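# Analysis of the macromolecular model
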Amino acid sequence: MAKQDYYATLGVARDASGDDLKRAYRKLAMQHHPDRNPGDAKAEASFKELNEAYDVLKDDQKRGAYDRYGHAAFEQGNGGAGFSQGFDFNSGDLGGIFDQVFGDFMGGGRRGGGRTRTGADIRHAVEIELAAAFTGTKVNLRVPTRVACEACGGTGSEDKTRPAETCTTCQGAGKVRRQQGFFLIETTCPTCNGAGKTIRQPCRICRGAGTVQRERAIQVASPAGVEDGTRLRLSGEGEAGGQGSPNGDLYVHVAVKPHQFFQREQANILMRVPLRMTQAALGGDIEVPVIDGTKAKVKIPPGTQTGDNFRLRGKGFSVLRSTQRGDMFIQVAVETPQHLSAKQRELLEQFEAEAEKSTKHSPDHEGFFAKVREFFEGGRA
């Protein structure tokens, strides 16, 4: 399929100025950008055509060759090979030209390669108590990071007032290209190391980087209701960007320590409470701790069994970004007495002798062994 005329692709006249070309490209690139048209193959193809057209027409030398020879000026083996030496007319990098025109807009400035380079993000882990996760807390961190150099004010220049200049080797692209046989090789610019800018008199402290390694004290607010494994993002608290570029972000990963009493399940709290055999049999009231530091009374009915649950409404965990709380569930476990004294053993033997005379005290026990007797007597079911 024949390529569309580059001027027609951008919708401009053949005598359009550089500003006219840029305005036309801005408008159409925003309309057809893949980020605004996810999954739209037609929009992506149009965006590629716009990049290719603008890449040629914005450059006076390329534009002159195109005006004289058309697309043939850049096609190998069609009589135009001589005009393509030293040029790259393959717009494989969809974001490259777009970023040059729009800068940081839509995140273009974070893609590297001669544009504004945001400082690196930092990841840090903290461990807090369950009670602190319930109430919310502030955690003081000591984070090794790169900060703006005080000597040069983060400019990277010995003379703070002298800004960095566009690299003359890569013309600010941060990359250089060279022809090697049939291939065009792209590498990081050796002069500016990909920054796209150079400094004539680098700072003696940071050597032109604009940042130095330091340890920063940072206070992190962990909200009430935070869960184990939550990641908190602190915008702009990461490493400083070189030569005045924006800072990266700090990501704090929160781990919540296990508690000796409470087990959390989302907004609810579970607690296992052991009961003496006599407590479970006779019933009574017990006091249990609550995560907020208070106490709660739980009524244990006579005949309580292991595994029975008691619900305390509104005594559970705090809900993130809400004033609500979950519930607390008490699960009891009846404990068999150990290390009996002679008197205790005598009393239990008397109790057992009385219990054998009735099936009312332990219905599950009696029912189970009745079925066992039937099984062995031949009534296997």
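Keep in mind the model is a prediction, meaning the values are calculated, not measured. (Residues numbered from 1 in each chain as written. Predicted model: local features only at pLDDT ≥ 70, side-chain atom pairs only at ≥ 80, totals over all residues. Heavy atoms only, no water.)

## Topic: the pairing of strand β12 (residues 284-289)
- Pairing analysis gives 6 bridges linking β12 to strand β13 (residues 295-300), with the strands arranged antiparallel. Paired with Pro289 across the bridge in β13 is Lys295.
- Following β12, the chain reverses through 5 residues before pairing antiparallel with β13; Gly293 in that reversal takes a positive phi of roughly 95°. (Pairing = 2+ DSSP bridges. Helix = DSSP H or I, 4+ residues; strand = E, 2+ residues; numbered from the N terminus.)

## Regarding the nonpolar core
- Core analysis: the largest hydrophobic core is formed by 38 residues, its most contacted members being Ile128, Val252, Val288, Ile291, Val298, Met328 and Ile330.
- Beyond its immediate sequence surroundings of up to four residues, Val252 is in contact with His124, Val126, Leu141, Val220, Thr230, Arg231, Leu232 and Leu234.
- Counting 20 residues, the second largest nonpolar core, distinct from the first, contains Ala24, Ala29, Ala53 and Val56. (Core = buried A, V, L, I, M, F, W, Y, C linked by side-chain atoms within 4.5 Å. Buried < 20%, exposed > 50% of the residue type's maximum accessible area, 1.4 Å probe, protein only. Contact = heavy atoms within 4.5 Å.)

## Brief notes about the packing of aromatic side chains
- Inspection of the entire model under this criterion finds 5 aromatic pairs.
- Aromatic pair Phe134 and Phe317: ring centres 5.6 Å apart, planes at 75°, arrangement edge-to-face. Here Phe134, found in helix α7 (residues 130-135), pairs with Phe317, found in the loop between β14 (309-312) and β15 (328-335); they are 183 residues apart in sequence, far enough to count as distant.
- Classification of Phe134 by relative accessible area gives buried; the value is 10%.
- Overall, Phe317 belongs to the buried group, its relative accessible area being 0%.
- Each member of the aromatic cluster is reached from another via a ring pair, and the members are Tyr6, Tyr7 and Tyr66. (Phe/Tyr/Trp six-rings, centres within 6.5 Å; stacked < 30°, edge-to-face > 60°.)

## What to know about the pattern of salt bridges
- A complete count under the given rule lists 13 salt bridges for this structure.
- Put simply, Arg23 and Asp20 hold a salt bridge, and the shortest N to O gap is 2.5 Å. Residue Arg23 and its partner Asp20 are both found in helix α2 (residues 18-32); the two are separated by 3 residues, about one turn of the helix.
- Relative accessible area serves as the criterion here: at 31%, Asp20 is assigned to the partly exposed category.
- Residues Glu158 and Arg204 are paired through a salt bridge, measuring 3.2 Å at the closest nitrogen-oxygen approach. Here Arg204 lies in the loop between β6 (197-198) and β7 (211-222) and Glu158 lies in the loop between β2 (137-148) and β3 (165-166), a separation of 46 residues in the sequence.
- Each of the salt bridges in this network shares a partner with another, and the network as a whole consists of Asp5, Arg14 and Asp67. (Salt bridge = Lys/Arg side-chain N within 4 Å of Asp/Glu carboxyl O.)

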